[in-house]
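# Structure at a glance
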Amino acid sequence: MTKSEAEILHIETEKRLAAEAAAELVEEGMTVGLGTGSTVAYLLPALARRKLEISCVATSLATFDVAREMGLRVQPFTGIDHLDIAIDGADQVDPVGWLVKGGGGAHTREKIVAGASQRYVVIVSSNKLVDTLAVPIPLELLAFGIDATRCQLGDVRLTHAPISPDGGVLAGYFGPLGDPAKLACRLSATPGVVSHGLFPPTMVSDILVGHGNQVNWRH
Ligand code: 5RP
């Protein structure tokens, strides 16, 4: 095995351990938000193995399909006014708990699910921990007036990914980052921005970090 193959294996083990620890937090009868991405891909079988009577909502069509294939009960996110718990991955986690999310283009739905959840649990491998958040910050923009929106925001580049399931255009903010709270406010306040990938620490209940063969918890 080459060094890079060993590193990939190591990261995958960390993702799996964090995801399996998070699956244990789910209890009988709960409503559960399911995130999106390769770390959540380890959560779904771990949750399905527990054979609990739970009701799930998914943050992406990919998660919806895989979760259903695994026998989880997944419903559309309508007629449900709150979730007991949601579990999702992240692209970056800073020392105070700010997250950058949206590498998979699902941050709009992920943020709605996070905001609706009583407990929002983030699962990451140790390589997602950063000292300082870095750009790009994923954005979902309305197509209407998109060039004017980009002009107000500064350095915003379109990703050329397919439009989101909610009709938005996916892009990345590459301008100065500075204080994440200030940037989050500016992005949220700009007309035409549907949502951005900065998630504040106040939204996050627990961060489970796979570290070697163990899982470290941050509350
Ligand atoms: C998708 C996300 C994912 O949670 C994030 O990109 C992490 O993904 P992965 O677990 O594959 O590293 O925000 O929009």
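Residues numbered from 1 in each chain as written. Predicted model: local features only at pLDDT ≥ 70, side-chain atom pairs only at ≥ 80, totals over all residues.

## A word on unusual backbone geometry
The omega angle of the peptide bond from Val 135 to Pro 136 is 5°, so this bond is cis rather than trans. By the secondary structure assignment, Pro 136 is in the loop between β6 (117-125) and β7 (137-141). In this structure, Lys 51 is a non-glycine residue whose phi angle is positive, near 50°. Position of Lys 51 among the secondary structure elements: in the loop between α2 (40-49) and β2 (55-58). C-beta crowding within 10 Å serves as the criterion here: with 9 such atoms nearby, Lys 51 is assigned to the exposed category. If you check the backbone angles, His 160 has positive phi at about 65° while not being a glycine. Relative to the assigned elements, His 160 resides in the loop between β8 (156-158) and β9 (169-173). (Helix = DSSP H or I, 4+ residues; strand = E, 2+ residues; numbered from the N terminus. Buried ≥ 20, exposed ≤ 12 C-beta atoms within 10 Å, placed from the backbone.)

## Quick look at the packing of helix α1 (residues 3-23) against α2
Between α1 and α2, the least distance of the axes is 8 Å, while the angle of their chain directions is 40°. The angle between α1 and α2 falls in the class oblique. The handedness of the crossing between α1 and α2 comes out as right-handed. Counting all contacts with α1, which are made through Lys 15, Arg 16, Ala 19, Glu 20, Ala 22 and Ala 23, the residues of α2 involved are Val 40, Tyr 42, Leu 43, Ala 46 and Leu 47. Partitioning the contact of α1 with α2 into residue classes produces 8 nonpolar, no polar and 3 charged. (Axes fitted to C-alpha atoms, helices over the stretch in contact; angles between N-to-C directions. Parallel < 35°, antiparallel > 145°, perpendicular 65-115°, else oblique. Left-handed = near helix turned anticlockwise from the far one by under 90°. Contact = placed C-beta atoms within 7 Å. Nonpolar A, V, L, I, M, F, W, Y, C, P; charged D, E, K, R; others polar.)

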